[in-house]
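Structural overview
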Amino acid sequence: MSQTTRGRITTRTIAMPGDTNPSGDIFGGWVLSQMDIAAGICAGQRAQSRVVTVSVDKMSFIRPVKVGDILGIYTEVDSVGKTSINVHIEAWVRRDRIGLREKVTEAKFKFVAVNDDGKPIPLPVFEDLPSYVSQIQ
Ligand SMILES: CC(C)(COP(=O)(O)OP(=O)(O)OC[C@H]1O[C@@H](n2cnc3c(N)ncnc32)[C@H](O)[C@@H]1OP(=O)(O)O)[C@@H](O)C(=O)NCCC(=O)NCCS
């Protein structure tokens, strides 16, 4: 497995005892929600608007997450449509805060840019986003 992260670090948090399943590992739904938060930040910056998650694809749970791990979520825009944004997401942990770094999950999430009424709106063209372009380069 590749030891190289793909995308930009978007969020970091620590896995807490309250996030565990009955086996003592971190609950998959918690990891998924952290990925949704980070991918939503990534998509919202590209859309420059509110976005909603429309689909979750190719979600792979590769390694367990443990209490005390630092979870870092990396995101990258894969492709865009008229109103939609496909985001590649990877979650990596640093074991017990300072230990080995391992990739724990990856996925593709799709978001749609929406207006205040929740209706799809066209994405801004890339060239009209100078500050966004400079951030991701
Ligand atoms: C996302 C949403 C606004 C799309 O509304 P819609 O009426 O289907 O809109 P459209 O048919 O015009 O499609 C808009 C875009 O979404 C994409 N899309 C719509 N449904 C999709 C689906 N099920 N899977 C993947 N893409 C989808 C379309 O391909 C289109 O992309 P494009 O403009 O880049 O070509 C609507 O489905 C919605 O509100 N869903 C709930 C979102 C939500 O609450 N998320 C949080 C879950 S807790």
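Residues numbered from 1 in each chain as written. Predicted model: local features only at pLDDT ≥ 70, side-chain atom pairs only at ≥ 80, totals over all residues.

**Notes on the site of the ligand**
To be explicit about the condition: In this text, near has one meaning. A residue is near a molecule or strand if its C-beta atom, placed using the backbone, is within 6 Å of it. In DSSP terms, a helix is any run of H or I states spanning at least four residues, a strand is any run of E spanning at least two, and both are numbered starting from the N terminus. For this classification, the nonpolar set comprises Ala, Val, Leu, Ile, Met, Phe, Trp, Tyr, Cys and Pro, the charged set comprises Asp, Glu, Lys and Arg, and every other residue, Gly included, is treated as polar.
Surrounding the ligand, one finds 13 residues, the nearest of these being Val52, Gly81, Lys82, Thr83 and Ser84. For the shell around the ligand, the secondary-structure elements that each account for two or more residues are strand S2 (50-61) and strand S5 (101-114). With four residues, S2 is the single largest residue contributor to the shell around the ligand. Class assignment for the residues of the shell around the ligand results in five nonpolar, six polar and two charged.

**Some words on helix H1 (residues 28-47)**
Note the cut-off: Multiplying one less than the number of residues by 1.5 Å gives the expected span of a helix. With C-beta atoms placed from the backbone, a residue counts as buried when 20 or more other C-beta atoms lie within 10 Å of its own, as exposed when 12 or fewer do, and as partly exposed for counts between those limits. C-beta atoms are first placed from the backbone for all residues, and any pair lying within 7 Å is then listed as a contact.
The terminal C-alpha atoms of H1 lie 28 Å apart, and with 20 residues this matches the ideal 28 Å at 1.5 Å per residue to within 8%. Where H1 is concerned, the buried positions are Val31, Gln34, Met35, Ala38, Ala39, Gly40, Cys42, Ala43, Arg46 and Ala47. Considering only its buried residues, H1 is in contact with strand S1 (8-14), S2, strand S3 (70-80), strand S4 (84-94), S5 and helix H2 (130-136).

**A word on the sheet that holds S4**
Filter applied, for reference: Strands are labelled as partners when DSSP assigns at least two bridges between them. For helices, the fitted line uses only the C-alpha atoms of the stretch in contact; every axis is such a line through C-alpha atoms, and the angle between N-to-C directions lies from 0 to 180 degrees.
Pairing in this open sheet of five strands is antiparallel, and the strands run S1-S3-S4-S5-S2 from one edge to the other. The strands lining the two open edges of the sheet, one partner per strand, are S1 and S2. Averaged over all pairs of adjacent strands, the angle between strand axes in this sheet comes to 25 degrees, irrespective of strand direction. Alignment of S1 against S3, held across six bridges, turns out to be antiparallel. Residue pairing for S3: threonine 11 is matched across the bridge by isoleucine 73. Sitting on the sheet, H1 is in contact with S1, S2, S3, S4 and S5, with an inclination near 135 degrees to S4.

**Observations regarding the confidence of the model for the chain**
Heads up, the condition is: Each residue gets a pLDDT score, which is the predictor's confidence in that residue and runs from 0 to 100.
Residues at a pLDDT of 70 or more form 98% of the chain, whose mean pLDDT is 93. Averaged over each element, pLDDT in the chain is lowest for H2 (75) and highest for S4 (98).

**As for the nonpolar core**
How we decide: By definition, a nonpolar core groups buried Ala, Val, Leu, Ile, Met, Phe, Trp, Tyr and Cys residues that connect through C-beta atoms lying within 7 Å of each other.
Judged by nonpolar contacts, the single largest core of 28 residues is most densely connected at Met35, Ala39, Ala43, Val87 and Ile89. Where this core is concerned, the elements lending two or more residues are H1, S3, S4 and S5. It is H1 that contributes the most residues to this core, seven residues altogether.

**A few points about the environment of tryptophan 30**
Mapping tryptophan 30 onto the fold places it in helix H1. Overall, tryptophan 30 belongs to the partly exposed group, with 18 C-beta atoms counted inside 10 Å. Each C-alpha atom, one on tryptophan 30 and one on valine 51, is 20 Å from the other, the two residues being 21 residues apart in sequence.

**Description of the pairing of S3**
Looking at chain direction, S3 and S4 are connected through 10 bridges and run antiparallel. Counterpart to valine 77 in the pairing with S4 is valine 87. Counting the residues between successive antiparallel strands, the hairpin from S3 to S4 contains three residues.

**What about unusual backbone geometry?**
Here lysine 58, not a glycine, exhibits a phi torsion of approximately 50 degrees, which is positive. Mapped onto the secondary structure, lysine 58 falls in strand S2. Taking the C-beta count within 10 Å as the criterion, lysine 58 has 10 such neighbours and is therefore assigned exposed. The backbone of arginine 97 sits at a positive phi, close to 75 degrees, despite the residue not being glycine. Among the structural elements, arginine 97 can be located in the loop between S4 and S5.

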